[in-house]
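Each chain, letter by letter, is given below.
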Amino acid sequence: MDIKNRYSIELDEIRNYLVDLENGRIYELTRTPGTASCATLAKHLRDNLNALLNKIEKDEPSVAEIVAESSQKM
């Protein structure tokens, strides 16, 4: 399985943060409670990219694989 498919959930989360930035959905612009600030989005992006790279380097299971395994045990 290729990395894009294996870690699709992790990559989608990163994409969602980028879409928020692209569309100006940041607290500094919208002043909407519950909307992340630029600094928060940057932290999430950094943390998620580091976590994903760590999973890939260590060949750890993706979120989808963990959920699938848990479902089989039920």
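Residues numbered from 1 in each chain as written. Predicted model: local features only at pLDDT ≥ 70, side-chain atom pairs only at ≥ 80, totals over all residues. Heavy atoms only, no water.

Describing the overall build of the protein
(1) Moving on: Within the protein, the regular secondary structure consists of 5 helices and 0 strands.
(2) Moving on: Expected size for 74 residues packed as a compact globule is a radius of gyration near 11 Å; at 15 Å, the protein overshoots this value by more than 25%.
(3) Moving on: Seen through its principal axes, the protein has C-alpha atoms that stretch 45 × 30 × 15 Å.
(4) Moving on: By element, 56% of the accessible surface of the protein is carried by carbon and sulfur atoms, the whole surface being about 5,500 Å².
(5) Moving on: Across the protein, 10 positive and 13 negative side-chain charges occur, with their mean positions spaced 3 Å apart. (Helix = DSSP H or I, 4+ residues; strand = E, 2+ residues; numbered from the N terminus. Rg over C-alpha atoms; globule rule 2.2 N^0.38 Å. Areas by Shrake-Rupley, 256 points an atom, 1.4 Å probe, with all protein chains shown as cover. Lys, Arg positive; Asp, Glu negative; His and termini not counted. Charge placed at Lys NZ, Arg CZ, Asp CG, Glu CD.)

Some thoughts on the environment of Thr-40
(1) Moving on: Tracing the sequence through the fold places Thr-40 in helix α4 (residues 38–57).
(2) Moving on: Take Thr-40: its relative accessible area is 33%, and that puts it in the partly exposed class.
(3) Moving on: It is 9.9 Å that separates the C-alpha atoms of Thr-40 and Tyr-17, two residues lying 23 residues apart in sequence.
(4) Moving on: In terms of polar contacts, Thr-40 uses its side chain to reach the side chain of Ser-37, at 3.0 Å. (Buried < 20%, exposed > 50% of the residue type's maximum accessible area, 1.4 Å probe, protein only. Polar contact = N/O pair within 3.5 Å; in protein donor to acceptor, adjacent residues only side chain to side chain.)

Brief notes about the environment of Ile-9
(1) Moving on: Tracing the chain through its elements places Ile-9 in helix α2 (residues 8–22).
(2) Moving on: Ile-9 sits in the partly exposed class, given a relative accessible area of 39%.
(3) Moving on: Between the C-alpha atom of Ile-9 and that of Val-63, which follows or precedes it by 54 residues, the distance is 6.6 Å.
(4) Moving on: Residues within four places of Ile-9 in sequence aside, it is in contact with Val-63 and Ala-64. (Contact = heavy atoms within 4.5 Å.)

Such coordinate-based values are descriptive only and should not be taken to indicate function.
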